[in-house]
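Structural characterization, general
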Number of protein chains: 4
Amino acid sequence: GLHRSIWTGQPLKKLEQAKFFPPVQTPMLPEGTFNNKLAFITGGATGLGKGLAQNLSQLGAKVVIASRSLERLQETAEEVSKATGNEVGHYRLDVRDPEAIKEVFDQMESQYGLPDIVVNNAAGNFITPAERLSANAFTTVINIVLNGTAYITLDVGKRLIKAGKGATFLAVSADYADSGSGFVLHSACAKAGVEALTRSLAAEWARYGMRFNVIAPGPIETKGAFSRLDPTGQFMSRFIGKIPVGRIGEVGEFTNLASYLLSDYASWVNGQIVRLNGGEYPCSSGMFTGLSEVTNEQWDALQAMIKTVKGS
Amino acid sequence: GLHRSIWTGQPLKKLEQAKFFPPVQTPMLPEGTFNNKLAFITGGATGLGKGLAQNLSQLGAKVVIASRSLERLQETAEEVSKATGNEVGHYRLDVRDPEAIKEVFDQMESQYGLPDIVVNNAAGNFITPAERLSANAFTTVINIVLNGTAYITLDVGKRLIKAGKGATFLAVSADYADSGSGFVLHSACAKAGVEALTRSLAAEWARYGMRFNVIAPGPIETKGAFSRLDPTGQFMSRFIGKIPVGRIGEVGEFTNLASYLLSDYASWVNGQIVRLNGGEYPCSSGMFTGLSEVTNEQWDALQAMIKTVKGS
Amino acid sequence: GLHRSIWTGQPLKKLEQAKFFPPVQTPMLPEGTFNNKLAFITGGATGLGKGLAQNLSQLGAKVVIASRSLERLQETAEEVSKATGNEVGHYRLDVRDPEAIKEVFDQMESQYGLPDIVVNNAAGNFITPAERLSANAFTTVINIVLNGTAYITLDVGKRLIKAGKGATFLAVSADYADSGSGFVLHSACAKAGVEALTRSLAAEWARYGMRFNVIAPGPIETKGAFSRLDPTGQFMSRFIGKIPVGRIGEVGEFTNLASYLLSDYASWVNGQIVRLNGGEYPCSSGMFTGLSEVTNEQWDALQAMIKTVKGS
Amino acid sequence: GLHRSIWTGQPLKKLEQAKFFPPVQTPMLPEGTFNNKLAFITGGATGLGKGLAQNLSQLGAKVVIASRSLERLQETAEEVSKATGNEVGHYRLDVRDPEAIKEVFDQMESQYGLPDIVVNNAAGNFITPAERLSANAFTTVINIVLNGTAYITLDVGKRLIKAGKGATFLAVSADYADSGSGFVLHSACAKAGVEALTRSLAAEWARYGMRFNVIAPGPIETKGAFSRLDPTGQFMSRFIGKIPVGRIGEVGEFTNLASYLLSDYASWVNGQIVRLNGGEYPCSSGMFTGLSEVTNEQWDALQAMIKTVKGS
Ligand SMILES: NC(=O)c1ccc[n+]([C@@H]2O[C@H](COP(=O)([O-])OP(=O)(O)OC[C@H]3O[C@@H](n4cnc5c(N)ncnc54)[C@H](OP(=O)(O)O)[C@@H]3O)[C@@H](O)[C@H]2O)c1
Ligand SMILES: NC(=O)c1ccc[n+]([C@@H]2O[C@H](COP(=O)([O-])OP(=O)(O)OC[C@H]3O[C@@H](n4cnc5c(N)ncnc54)[C@H](OP(=O)(O)O)[C@@H]3O)[C@@H](O)[C@H]2O)c1
Ligand SMILES: NC(=O)c1ccc[n+]([C@@H]2O[C@H](COP(=O)([O-])OP(=O)(O)OC[C@H]3O[C@@H](n4cnc5c(N)ncnc54)[C@H](OP(=O)(O)O)[C@@H]3O)[C@@H](O)[C@H]2O)c1
Ligand SMILES: NC(=O)c1ccc[n+]([C@@H]2O[C@H](COP(=O)([O-])OP(=O)(O)OC[C@H]3O[C@@H](n4cnc5c(N)ncnc54)[C@H](OP(=O)(O)O)[C@@H]3O)[C@@H](O)[C@H]2O)c1
């Protein structure tokens, strides 16, 4: 169907070239790829996490999702399980609470066993000038995104080491984690921390059979992200000019990349940050990329001028 | 089969953890993914390029390979076409020669049409201390790897623009292009240039429907690479300690990632450098990663010492 | 004097090439460079922070240092002030406490005014396998390093904006923030966050006249760092092989770079991470850099072998 | 004086915040810093290279400049030597020619000795859409910028190794070398190669007493650069919005950073790319940085909307 902004109901702007880059959202991995695999996904009841839960479940995994809203957990677990025929478990969990995490993994271990796949996808974010950001609001985002990811990873990682069992980890970052970004300071700091966690453990815990990677997405329309990052529905249409491919991303594009990285097809991909953003960063940052508005006739004139220049 | 070094006939060393990271080399994309697609691969008669030719062909693509040795071109074209049932064309080509490139694409355009997929995979490399590197040897590698990639890309890109046709490009770099590396100066410079080409055109030519990505592999045993980078067959076994996953890569792992990036499943992946290296770079570079040799008992003692430290 | 390890009293190992790279530690900026400037430095009573306090004070700045140990604050303030003849203030402060930060800046504003220079240097760190890291220990380091830096920056930044006053910020990160590192997971995550904070505000708050940069040092012998990162005094001598320049750094090398970045000579340096590490990262990470042990005779033999290789 | 565009004679636009970031262009290093040092600078007769020649000469160095136009070489050598009282030599040289380089260093060795400082600053560049770039034009820029830098470095490096003499190298790249950039494809590729050369030799040749660093500048008005990158004098005023600090750079800011990196104060800075660009890259690339146009009133409204959002 047509791509529509959550708020305005209007289709999000696309640039003309988007026609060359059609989103393909059907699962790309072979059926049964995740048979006998147990996957744990934080924030798995909505948005990208839900998309991934569906994809893994459809490809054979038993999936367990965890986040705060019990209602959404139940709805998604039921919906996905019904669609795929595979079991989908859920735990109510606030990832900021290490004790609660311990309890969830205690329960999960006895109910399902230890996971083969762990996805740190839960996050909070919103736009704000830094001068309006309180210490408390900053910490809240660090707590969910960075500390939450660390708590989950350390708790389950220690269990895996004890059990001599390998696993694959994926964290969801954001494409501005590397460049930093104005107006989402808290999120940029937290996501950069998550990327460092991924690289550090990719080096340290590979000896225990664990792999760690990150997907750093650009804008993909989900209610959670867009309601707090583009509350009027106007910004994305303006930012689209920064995305060379000329459109935002789709959930299914994220889930295909994610399930590849989580599968054994990617056994040798470790410690990597894969940006999924249509080329927005770093490519569109080059200063002269702004010349794309110059017309052919203007280029003719410019080239003539350049040729006549003598020396330095 | 057992993984054996080309020269010694001995299996390459693996670290114990490698058992957790089995290489899966069967094609992961759905059958027919590349039906009606035409792919052009430089250096496609051997090594990674040959692997990719097979994979794309098996998934439905018409493939054209180009390099210098006619004999190998013929052998590979025949072998692949026989195995997959799809046509595999070939052109003798030295990528350092822009005129020859023009002729090849003239011919290809009339024989097969313009490609949907272009893979810049041809390269030359060898280890040497920089003080033994002549200006001439340096230039030779730049000419093949960087200029060759640019000549191919500019020639076919201009044709595609004229025809209003989109396409997907992939270049094969190396994981040391970002860090630089001693003893392969020429290759590091050339590959860094290829990565900049990829990012630059990802920004500039997306408006014409073209996407550009790079795979930067760590060591994958091919005769071409290993004979000139590890002529005695001893180095890789020593370097294995730098690869967290504990083993080198396999051709099929490269081809699966490559065919994903070349497919429409990756429509929104543009301008990205994906490193395929078991976590070697950047992760294993962190200074304290070297502490992996410390034993559990030593850690007990170290922690006791750290606890007794008072102040700065 | 001779460079000696804190613990063993033995000189730290240097490689032979270190003789080409003598540390020059005398202040390099012109006298009076920081006249009429007010500088605020967290962790300024010891180690790198103390060195920087001395340097800025000597070049004319009024310096205020802040950390937890009142005794060390008093000692350093007195020592530096005596040596330079310029006023050095101090506040007892735990940077994890936003309320305490508010009080310190309230006091400072009335006692000295708002700072022209803010240095986020306070940190905590120690080596540990991640499987021995508790959620609590992880959070402690995040709280000091990342949150502490953010609290300081947000509090003083808001004051500066209100006052219409510009300022220059410097944060001290670590060279493994980009690569990640095993065995210092908590610190790598926190420092990566600090780098993202720097880049984000470099973009967002330049409009208010603020610049933000980072120095990411490799090993420089201070009691605080080395006692918790190399408690036996053995590791650094082993890691020295990863530092191309063949020696660790000296405090005066850090302070010269830092005072340059903080001065108006660097008005156009903004949002940058400058690594000060003898070339350790990223350069020494290239896989083939390991070939530095190959002898001249072995290279002769290797080159002969490479030349005889035919084809791919 | 007022900063004026070469072509229009009009002052280049500055943003309001530029008043907080005054360029300080007087030499910052102590008098005599480069006494008894011999410096070799390609492209040293004009622009940034000339500025650096002046700075090093003023601080005591004997300087030798080399480029193609004999007239400019003579003029600059005379002008600088007259101003500083120190000898300034010059050689006519096209850096694309390894034979000519050999002759120049033969002569230089006998006339002045081997250099302590080598600056690879010569370059060619111009804006153009990639579809208007010929293979020949691409190669020309690679030849000057990448191959020229390599030829100079390999030739003089081998001599230094033979003589057992250390040296410090600096190359001038561009801030888009990392991101890539549209419309300067050739330059982005060449500069990325130069950065890889720097990192590779920083690792490999430190054992011989050589250090290697890069400055990657954003726009600094020189006739050579601006005449071919902004032939109408209009682009920079538009691009200024991408530079957080709100102005372009000045030659003296470049020379101060360059002479620091070339001095023994920076003995422990090796293999680093220092970007000098007012924060343009990577900081201003973050997607949400574009929100700087949102007014205070609009932020009030946005925050109210964000607060009312319930759930994901
Ligand atoms: N969509 C984009 O454009 C975009 C771009 C870049 C990065 N990302 C990243 O992609 C990931 C998914 O985002 P999304 O777009 O799918 O938005 P979303 O639907 O809002 O997903 C966030 C999820 O995190 C959960 N969560 C939040 N706080 C939690 C807590 N304290 N404990 C446990 N769970 C918590 C939420 O559930 P509850 O509220 O019920 O707990 C929700 O399910 C995030 O990491 C986000 O940063 C998204
Ligand atoms: N294998 C690894 O460990 C590894 C690691 C990092 C990167 N890579 C990269 O992966 C790519 C493939 O390497 P490989 O390992 O598969 O080695 P390979 O078999 O030697 O492949 C190189 C191919 O390039 C072709 N070629 C060389 N010079 C050429 C020229 N002037 N014109 C046209 N074709 C030319 C060769 O064919 P002809 O000689 O017949 O022309 C050969 O088919 C290369 O880009 C390499 O740098 C490989
Ligand atoms: N030296 C190195 O090799 C090296 C390498 C990479 C990075 N670094 C970084 O360089 C900076 C300085 O380190 P250093 O080597 O000079 O070690 P240091 O002497 O231990 O300095 C750390 C300072 O931080 C202060 N501090 C710690 N916790 C604090 C808190 N909660 N509130 C306020 N102040 C606090 C300490 O004082 P109190 O304990 O009295 O509060 C101490 O003065 C740190 O950011 C460190 O991470 C150092
Ligand atoms: N100014 C900027 O905004 C800016 C921004 C980013 C990077 N840069 C870099 O800064 C460096 C200096 O540039 P600039 O702005 O000072 O421009 P410039 O005045 O044009 O300097 C370039 C110099 O290179 C010399 N040169 C060109 N081709 C040569 C060859 N084949 N052999 C020997 N010398 C050659 C030129 O002299 P002849 O023509 O007489 O040979 C000239 O002196 C360059 O590397 C440039 O890429 C400048």
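The structure we're discussing is the one just above.
Residues numbered from 1 in each chain as written. Chains lettered and ligands numbered in written order. Predicted model: local features only at pLDDT ≥ 70, side-chain atom pairs only at ≥ 80, totals over all residues. Heavy atoms only, no water.

Examining the interface of chain A and chain D
Counting residues at the interface gives 54 residues for chain A and 54 residues for chain D. Our enumeration of links across chain A and chain D arrives at four salt bridges. Its salt-bridge partner being Arg132(A), residue Asp300(D) comes within 2.8 Å of it at the nearest N-O pair. The interface formed by chain A and chain D includes 19 residue pairs in polar contact (both at pLDDT 80 or more). When residues of the side of chain A that touches chain D are traced back to their parent elements, those giving at least two are helix H5 (176-179), helix H7 (223-229), helix H8 (235-239) and helix H10 (296-308) of chain A. Here the residues of the side of chain A that touches chain D are counted per class, giving 25 nonpolar, 19 polar and ten charged. (Contact = heavy atoms within 4.5 Å. Salt bridge = Lys/Arg side-chain N within 4 Å of Asp/Glu carboxyl O. Polar contact = N/O pair within 3.5 Å; in protein donor to acceptor, adjacent residues only side chain to side chain. Helix = DSSP H or I, 4+ residues; strand = E, 2+ residues; numbered from the N terminus. Nonpolar A, V, L, I, M, F, W, Y, C, P; charged D, E, K, R; others polar.)

Some details on the interface of chain B and chain A
On the side of chain A, 55 residues touch chain B, which itself brings 55 residues to the contact. Buried surface at the junction of chain B and chain A, both sides included, amounts to about 4300 Å², of which 65% is carbon and sulfur. Summed over the three residues of chain B that lose the most area to chain A, namely Met28(B), Tyr265(B) and Trp268(B), the buried surface amounts to 22% of that side. Applying the counting rule to chain B against chain A returns zero salt bridges. For the pair chain B and chain A, the interface holds 17 residue pairs in polar contact (both at pLDDT 80 or more). Mapped onto the side of chain B that touches chain A, the elements with two or more residues apiece are helix H5 (185-204), strand E6 (210-217), helix H8 (251-262) and strand E7 (273-276) of chain B. Here the side of chain B that touches chain A takes four residues from H8(B), the largest share from any one element. Classifying every residue of the side of chain B that touches chain A by side-chain character gives 29 nonpolar, 18 polar and eight charged. (Buried area = accessible area lost by both parts, 1.4 Å probe.)

Things to note about the sheet that holds strand E7 (residues 273-276) of chain D
Residues and elements named next belong to chain D. An order of E3-E2-E1-E4-E5-E6-E7 is seen for the seven strands of this open sheet, with the pairing classed as parallel. Single-partner strands in this sheet number two, and they are strand E3 (88-92) and E7. Neighbour-to-neighbour, the strand axes of the sheet open up by a mean angle of 20°, direction not taken into account. Pairing of strand E2 (residues 62-67) with E3, which is carried by five bridges, proceeds in the parallel orientation. Directly across from Ile65, in E3, lies its bridge partner His90. (Pairing = 2+ DSSP bridges. Axes fitted to C-alpha atoms, helices over the stretch in contact; angles between N-to-C directions.)

Quick notes on the relation of the copies chain A and chain D
It takes a turn of 180° to lay chain A on chain D, together with a shift of 0.0 Å along the axis; the resulting RMSD is 0.0 Å. Taken together, these values place the two copies in the relation of a two-fold axis. Of the C-alpha atoms belonging to chain A, the one lying closest to the rotation axis is found on Ser285(A), 2.8 Å away. In this assembly, 100% of the residues forming the interface of chain A have copies in chain D that are likewise at the interface, indicating an isologous arrangement. (Least-squares fit on C-alpha atoms with pLDDT ≥ 70 in both.)

What about the environment of Arg211(A)?
Looking at the secondary structure, you find Arg211(A) in strand E6 (residues 210-217). On the accessibility criterion, Arg211(A) (2% relative accessible area) is buried. Along the sequence, Arg211(A) and Ser267(A) sit 56 residues apart, while their C-alpha atoms lie 7.8 Å from each other. Each residue touching Arg211(A), except ones within four places of it in the same chain, is listed here: Ala167(A), Thr168(A), Phe169(A), Leu261(A), Leu262(A), Ser263(A), Ala266(A), Ser267(A), Val269(A), Asn270(A), Phe21(B) and Val245(B). (Buried < 20%, exposed > 50% of the residue type's maximum accessible area, 1.4 Å probe, protein only.)

A short note on the sheet that holds strand E1 (residues 38-42) of chain B
Residue and element names in this part refer to chain B. If you trace the seven strands from one edge of the open sheet to the other, you get E3-E2-E1-E4-E5-E6-E7, paired in parallel fashion. The strands lining the two open edges of the sheet, one partner per strand, are strand E3 (88-92) and E7. Averaged over neighbouring strand pairs, the angle between their axes works out to 20° when direction is ignored. Examined bridge by bridge, strand E4 (residues 117-120) and strand E5 (residues 167-172) share four bridges and lie parallel to one another. The partner of Val118 across the bridge, within E5, is Phe169. On the sheet, helix H1 (residues 47-58) packs against E1, strand E2 (62-67), E3, E4, E5 and E6 and is oriented at approximately 170° with respect to E1. On top of the sheet, H5 reaches E5, E6 and E7; it is set at about 155° to E6, its chief contact.

Some points on the site of ligand 1
All names here are of chain A. The environment of ligand 1 is formed by 29 residues, the closest being Thr46, Leu48, Arg68, Asn121 and Thr222. Separating a nitrogen atom of ligand 1 from a backbone N or O atom of Val95 is a distance of 3.0 Å. Look at ligand 1: alone it shows 870 Å² of surface, and the protein chains cover 93% of it. Broken down by secondary-structure element, the contributors of at least two residues to the shell around ligand 1 are helix H1 (47-58) and H7. (Near = heavy atom within 4 Å. Areas by Shrake-Rupley, 256 points an atom, 1.4 Å probe, with all protein chains shown as cover.)

Thoughts on the pairing of strand E4 (residues 117-120) of chain D
Consecutive residues of a regular strand have side chains that alternate between opposite faces of the sheet. All names here are of chain D. Here E4 shows no split at all, with Ile117 and Val119 on one side and Val118 and Asn120 on the other all buried. Pairing between strand E1 (residues 38-42) and E4: three bridges, direction parallel. Residue pairing in the sheet places Phe40 in a bridge with Val118 of E4. Running through helix H4 (residues 135-163), the crossover from E4 to the neighbouring parallel element strand E5 (residues 167-172) is right-handed. (Right-handed = clockwise from strand over helix to strand, strands pointing away.)

Considering the relation of the copies chain B and chain A
After a rotation of 180° and a shift along the axis of 0.0 Å, chain B superposes on chain A with an RMSD of 0.0 Å. The share of interface residues of chain B whose copies in chain A are also at the interface is 100%, consistent with both copies meeting through the same surface.

Notes on the packing of aromatic side chains
If you walk through the whole model with that rule in mind, you get 39 aromatic pairs over all chains. Ring plane angle 20° and centroid distance 6.3 Å describe the contact between Phe235(C) and Phe239(C), whose orientation is recorded as stacked. Taken as a pair, Phe235(C) and Phe239(C) lie in helix H8 (residues 235-239) at a separation of four residues, close to a single helical turn. Judged by its relative accessible area of 7%, Phe239(C) falls in the buried class. One aromatic cluster is present, built from ring pairs that chain together Tyr176(A), Phe235(A), Phe239(A) and Phe288(D). (Phe/Tyr/Trp six-rings, centres within 6.5 Å; stacked < 30°, edge-to-face > 60°.)

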